Amino acid sequence: MIDAVAIREWCHARPGVTEERPFGPQTTVFKVEGKLFALCALEADPPLRLSLKCEPELAEALRRDHEAIAPGYHLNKRHWNTVTLDGSLPEPFVRDLVEDSYDLVLSKLTKRVRDALRLPSPPAWPNG
């Protein structure tokens with residue numbers, strides 16, 4: 001079963017992520033450049049519930065196809081899903097949802113900010 005340690009590791013594996021608790025001590029919020037992409041009460045009893053940003057059409061499809069995915073709790077239901085981590089969804093699938101949420105928020109940032117967050121490209125080999 002996916003736990004708080006895994007969620008924290010997945011979120012912090014992305015460049016520029018910060019962790020905050022602006023809504024009180026129970027809810028951990030993960031942001032990139034001040035923009036929310038994931039939130040979860042990491043210290044809650046299992047199953048944990050992880051809220052993630054999502055494209056509206058995909059959000060609806062995911063809710064339709066997976067019982068563990070519901071409209072975002074206390075969030076804009078059009079753009080957010082809450083995923084119940086009850087073991088019914090494979091870990092790689094949930095990790096992909098976290099990455100997609102991060103990428104969606106990142107795509108809305110300015111090019112300058114996005115470029116600054118990207119991992120540097122490997123150096124080019126000299127000619128010759």
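Please read these numbers as outputs of a predicted model, since none were measured by experiment.

K.L.:
Let's hear about the packing of aromatic side chains: which residues, and what values?
P.N.:
Under the counting rule described, the total for this entry stands at one aromatic pair. For the ring pair phenylalanine 37 and tyrosine 102, a centre distance of 5.4 Å and an interplane angle of 80° mean the geometry is edge-to-face. With phenylalanine 37 in strand E3 (residues 35-40) and tyrosine 102 in helix H3 (residues 91-107), this residue pair connects regions lying 65 residues apart in the sequence. In this pair, the class of phenylalanine 37 matches that of tyrosine 102, namely buried. For the cation-ring pair, arginine 14 lies above tyrosine 102, with the distance from its terminal atom to the ring centre recorded as 6.0 Å.

K.L.:
Give me the state of the cysteines: which residues, what numbers.
P.N.:
Counted by the stated rule, this structure contains zero disulfides. Cysteine cysteine 11 remains unbridged, with the sulfur of cysteine 40 as its closest cysteine sulfur at 8.7 Å. Exposure remark for cysteine 11: the relative accessible area of 0% places this residue in the buried category. Note on cysteine 54: no disulfide assigned, nearest cysteine sulfur contributed by cysteine 11 at a separation of 15 Å.

K.L.:
For the sheet that holds strand E1 (residues 17-20), give the residues involved together with the corresponding values.
P.N.:
Here we have six strands laid out as an open sheet, ordered E1-E2-E3-E4-E6-E5, and antiparallel in their pairing. This sheet does not close on itself; its edge strands, each paired only once, are E1 and strand E5 (69-71). Taking each pair of neighbouring strands and ignoring which way they run, the sheet shows an average axis angle of 25°. Relative to E3, strand E2 (residues 28-32) runs antiparallel, the two being bridged by five bridges. From the neighbouring strand, threonine 28 faces E3, where its bridge partner is cysteine 40. Contacting E1, E2, E3, strand E4 (48-53), E5 and strand E6 (80-85), H3 runs over the sheet at an angle of about 35° to E4.

K.L.:
Give a detailed account of the environment of serine 107, specifying residues and quantitative values.
P.N.:
You can see serine 107 is positioned in helix H3. Judged by relative accessible area, which is 41%, serine 107 ranks as partly exposed. Spatially, the C-alpha atom of serine 107 lies 15 Å from that of proline 56, the residues being 51 residues apart in sequence.

K.L.:
Can you tell me about unusual backbone geometry, naming the residues and giving the values?
P.N.:
Note that the residue after proline 46, namely proline 47, is joined by a cis bond; omega there is 0°. One non-glycine residue, glutamate 33, adopts positive backbone phi at about 50°. If you trace the backbone, glutamate 33 turns up in the loop between E2 and E3. Despite not being glycine, histidine 74 has its phi angle at roughly 60°, a positive value. Looking at the element boundaries, histidine 74 is found in the loop between E5 and E6.

The rules behind each value
- Within each chain, residue numbers correspond to sequence positions counted from 1 in written order.
- Note on the predicted model: pLDDT of at least 70 is required for a residue's local features to be given, and 80 or more for side-chain atom pairs to be given and counted; whole-chain, interface and lining totals, by contrast, use all residues.
- Hydrogens and water are ignored here; the side-chain numbers use all heavy atoms of the structure.
- Here is the rule: rings of Phe, Tyr and Trp (six-membered ring for Trp) pair when centre to centre is within 6.5 Å. Planes less than 30 degrees apart are stacked, more than 60 are edge-to-face, and the remainder are tilted.
- Put simply, DSSP marks the helices as runs of H or I at least four residues long and the strands as runs of E at least two long, and each gets a number from the N terminus on.
- Three exposure classes are used, based on accessible area relative to the maximum for each residue type with a 1.4 Å probe and protein chains only: buried under 20%, partly exposed in between, and exposed over 50%.
- Only when the NZ atom of a Lys or the CZ atom of an Arg is both within 6 Å of the ring centre and within 35 degrees of the ring normal do we say a charge sits over the ring.
- Criterion for a disulfide: a pair of cysteine sulfur atoms within 2.5 Å.
- Criterion used throughout: strands pair if DSSP finds at least two bridges between them.
- Only the stretch in contact is used when fitting a helix axis, every axis being a line fitted to C-alpha atoms; angles between N-to-C directions are given from 0 to 180 degrees.
- Between two residues, a contact is recorded if the distance between any of their heavy atoms is within 4.5 Å.

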